[in-house]
Amino acid sequence: MIDRVKQKSHDYTINVGIYLGNLIKWLLLSVIAGILCGLVGTLFHFCVDRASDAFLENGWLLYFLPLSGCLIVFVYRINGVKKDEGTNLVITSVRNSGDVPSNMTFLIFIGTVLTHLCGGSSGREGAALQIGGSMGSLLGRILQLDENEKRIITACGMSALFSALFGTPLAAAIFSMEVASVGFMNYASFLPCTVSATIAVNIAKGFNVRPMHYVINMVPDITVGSSAIAVALALICAAAGVFFIGSLRISGRLFAKKIPNQYLRIIVGALIVILLTQLVGNTDYNGAGTIMIQSCFYGKVPVYAFLLKVVFTAVTMGSGFKGGEIIPSFFIGATLGNAFGQMVGMEPSFAAAVGMVCVFCSVVNCPLASIMIGIELFGTGGVIYYALCCGVCFIISGYYSLYQAQRFAYSKTPVEEVESGDTLEAKRPEDWRKKRKRR
């Protein structure tokens, strides 16, 4: 008996030593990733912001959008990239083995800045995920980490860049864990991603990068009536998210099919954006649209604003410009929510917050990260509404996603695990839709 106790104590001591060594190792690695990505993320933030400000101050830059597009294609071509997989490549590397090309950092950095400089409608978080993933993957190769460790350090890079730009460290950490295989999270990544994201956001704050934050005038009491109204908004936002994804896909396919030449394709896309801007009569729908998002929290915006942003972004991204789709999804959700609030008597700023969270959840299929986004952007006052509405959006949006590399480990309803031997096999959105059609 005594010998058994001694043996167990010895085994426990050895295990504690192994766990402690692993903890120290990943704390050091995540600190390194957080510092490097925080610095690069801060530089990227300033470059994109300066480019956006330059466009707002000099509207004539819009007419150079075709030239900026050609420069983007040229830079990618001379670096040997004819078909850019973008964020999908990073997501695949987090879920499976594989490296992210180190030149992706430079390419998406330049491409996003040029897009914003001349008024293309795109976000910057897609670029952040690609830059962070590329830097994390490079760090993994330099340190000669194994494949499992490379996946974690890549996720750390994604979390750090996302956090540096948005100022939402917990949402960034959870998002990088949740987005690759919906329903299956690698919790070994949680501490490293959280540490990296926290360090990166504090580095950004040290350089006076202000995190995104919005003030809600009033959060309604939780009643059956207010909950029903919020669910109705969630249903509308889920449909809007699917419409946004469909618009991006259709636009990309049409441009690629009708205009095979990449230079001509991006020039045509730029000319359409210029024409749309002239027809609208302002630049509210160019760039990321953060000014319009802010307007949703202290005033009213046009009811049709979300639709125009879908069109502008679909043309911009479909024709080959660079950036991301998450801030445009925030724009769509905020303006749609604000308009909904005006019509049904719900506080417009609260409805805008719910709309932002809901459309984000609909397009990325990450309910936990979406709830955390709501908490970190708007505070904890509406957390029950965010959870309720994200649950609705997650189901109603089906298996559509901004990221074609995203996989679903479980069906959304009914719950069904897909297993292949002892490993969890995540299915593509297309696989689930085909399966449901056969039924």
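A brief look at the structure comes next.

The rules behind each value
- Going along each chain's sequence as written, the residues are numbered from 1 onward.
- Reporting in this predicted model follows two pLDDT cut-offs: at least 70 for local features of residues, and 80 or more for side-chain atom pairs to be given and counted; totals over whole chains, interfaces and linings ignore these cut-offs and use all residues.
- Note that water and hydrogens are dropped before the side-chain values are worked out from all heavy atoms of the structure.
- The secondary structure listing takes helices from DSSP runs of H or I that are at least 4 residues long and strands from runs of E that are at least 2 residues long, numbered from the N terminus.
- Burial here depends on accessible area, computed with a 1.4 Å probe over protein chains only, as a share of the maximum for the residue type. Under 20% is buried, over 50% is exposed, and the range in between is partly exposed.
- Any pair of residues with heavy atoms lying within 4.5 Å of one another is described as a contacting pair.
- We get accessible surface area from the Shrake-Rupley algorithm with a probe of 1.4 Å; when it comes to residues, only the shown protein chains can shield them.
- Axis lines are fitted through C-alpha atoms, for helices just across the contact stretch, and the angle between N-to-C directions can take any value from 0 to 180 degrees.
- Throughout, a crossing is termed right-handed when the near helix is turned clockwise from the far one, and left-handed when it is turned anticlockwise from it by less than a right angle.
- Note on residue classes: Ala, Val, Leu, Ile, Met, Phe, Trp, Tyr, Cys and Pro are nonpolar, Asp, Glu, Lys and Arg are charged, and everything else, Gly too, is polar.
- Working rule for helices: expected span equals 1.5 Å times residues minus one.
- Our angle categories are set so that under 35 degrees counts as roughly parallel, over 145 as roughly antiparallel, 65 to 115 as roughly perpendicular, and the remainder as oblique.
- Salt bridge, as used here, is a side-chain nitrogen of Lys or Arg placed within 4 Å of a carboxyl oxygen of Asp or Glu.
- Throughout this description, the term nonpolar core refers to a set of buried Ala, Val, Leu, Ile, Met, Phe, Trp, Tyr and Cys residues connected via side-chain atoms within 4.5 Å.
- Counting of polar contacts relies on pairs of N or O atoms within 3.5 Å, with two restrictions inside protein: one atom must be capable of donating a hydrogen and the other of accepting it, and residues adjacent in sequence are counted only when both atoms are side-chain atoms.
- Cysteine sulfurs are considered disulfide-paired once they come within 2.5 Å of each other.

Looking only at helices and strands, the protein chain features 17 helices and four strands. In the protein chain, which comprises 439 residues, the share counted as buried stands at 55%. Pairs at least 24 apart in sequence give 78% of the contacts found in the protein chain among residues at least 6 apart. With an accessible surface of roughly 18,900 Å², the protein chain has 63% of that area assigned to carbon and sulfur atoms.

So, on to the packing of helix H9 (residues 224–258) against helix H12 (residues 305–318). In contact at an axis separation of 8 Å, H9 and H12 are set at 35° when each is read in the N-to-C sense. Read as a crossing pair, H9 and H12 show a hand that is right-handed. Across from Phe 243, Phe 244, Ser 247, Leu 248, Ser 251, Gly 252 and Phe 255 in H9, the residues of H12 making contact are Leu 307, Val 310, Thr 313, Ala 314, Val 315, Met 317 and Gly 318. Across the contact of H9 with H12, the residue classes break down as nine nonpolar, five polar and no charged.

Further remarks concern helix H15 (residues 367–378). In this model, H15 (12 residues) spans 16 Å end to end at C-alpha, consistent with the 16 Å of a helix rising 1.5 Å per residue. The buried fraction of H15 is high, at 10 of 12 residues. Buried residues of H15: Pro 367, Ala 369, Ser 370, Ile 371, Met 372, Ile 373, Gly 374, Glu 376, Leu 377 and Phe 378, and no others. Looking at the residues trailing H15, positive phi occurs at Gly 379, about 95°.

A separate point is the side chain of Thr 313. Along the chain, the position of Thr 313 falls in helix H12. For Thr 313, a relative accessible area of 0% gives the class buried. Excluding residues within four positions of it along the chain, Thr 313 makes contact with Ser 121, Phe 244, Leu 248, Gly 318 and Pro 328.

What follows is about the environment of Phe 244. Relative to the helices and strands, Phe 244 resides in helix H9. Separated by 70 residues in sequence, Phe 244 and Ala 314 place their C-alpha atoms 7.9 Å apart. When neighbours within four sequence positions are excluded, Phe 244 is seen to be in contact with Val 310, Thr 313, Glu 325, Pro 328, Ser 329, Ile 332, Val 363 and Leu 402.

Two numbers describe how H12 lies on helix H13 (residues 326–344): the axes approach to 8 Å, and their chain directions differ by 165°. Considered as vectors, H12 and H13 are oriented roughly antiparallel to each other. Both H12 and H13 take part in a crossing whose hand is left-handed. On the side of H12, the interface is formed by Ala 305, Phe 306, Lys 309, Val 310 and Thr 313, while H13 contributes Pro 328, Phe 331, Ile 332, Thr 335 and Leu 336. Grouping the constituent residues of the contact of H12 with H13 by class yields seven nonpolar, two polar and one charged.

Counting across every chain of the model gives two salt bridges. For Glu 149, the salt bridge identified is with Lys 25, shortest N-O distance 2.3 Å. Pair noted here: Glu 149 is in helix H6 (residues 147–166) and Lys 25 is in helix H1 (residues 2–57), with a separation of 124 residues, a long-range link. Close ionic contact of Asp 49 with Arg 124 constitutes a salt bridge, the shortest N to O distance being 3.0 Å.

Our focus in this paragraph is the nonpolar core. Among the nonpolar cores identified, the biggest contains 123 residues, and Phe 175 and Phe 378 are the most heavily contacted of them. Counting residues per element, this core draws most heavily on helix H14 (residues 348–364), which supplies 13 residues. Apart from residues no more than four positions distant in its own chain, Phe 378 is found in contact with Tyr 214, Ile 216, Phe 297, Ala 353, Met 356, Val 357 and Tyr 386. Trp 26, Leu 139, Ile 152 and Ala 173 belong to the second-largest nonpolar core, a separate cluster that totals 11 residues.

With that settled, consider H6. The end-to-end C-alpha separation of H6 is 29 Å, in line with the 28 Å expected for 20 residues at 1.5 Å each. Of all 20 residues in H6, 18 are buried; the element is thus mostly enclosed. Here H6 starts with a cap whose side-chain oxygen sits 3.2 Å from the backbone nitrogen of Asn 148, and that cap is Asp 146. Two residues or fewer past H6, Gly 167 is found with a positive phi of approximately 75°.

Counted under the stated rule, the structure contains zero disulfides. Between Cys 156, a cysteine without a disulfide, and Cys 193, which holds the nearest cysteine sulfur, the sulfur-to-sulfur distance is 4.3 Å. On the accessibility criterion, Cys 156 (0% relative accessible area) is buried. This cysteine, Cys 237, is not joined by any disulfide, and Cys 358 carries the nearest cysteine sulfur, 4.9 Å off.

Purely geometric stuff here, so don't read any function into it on its own.
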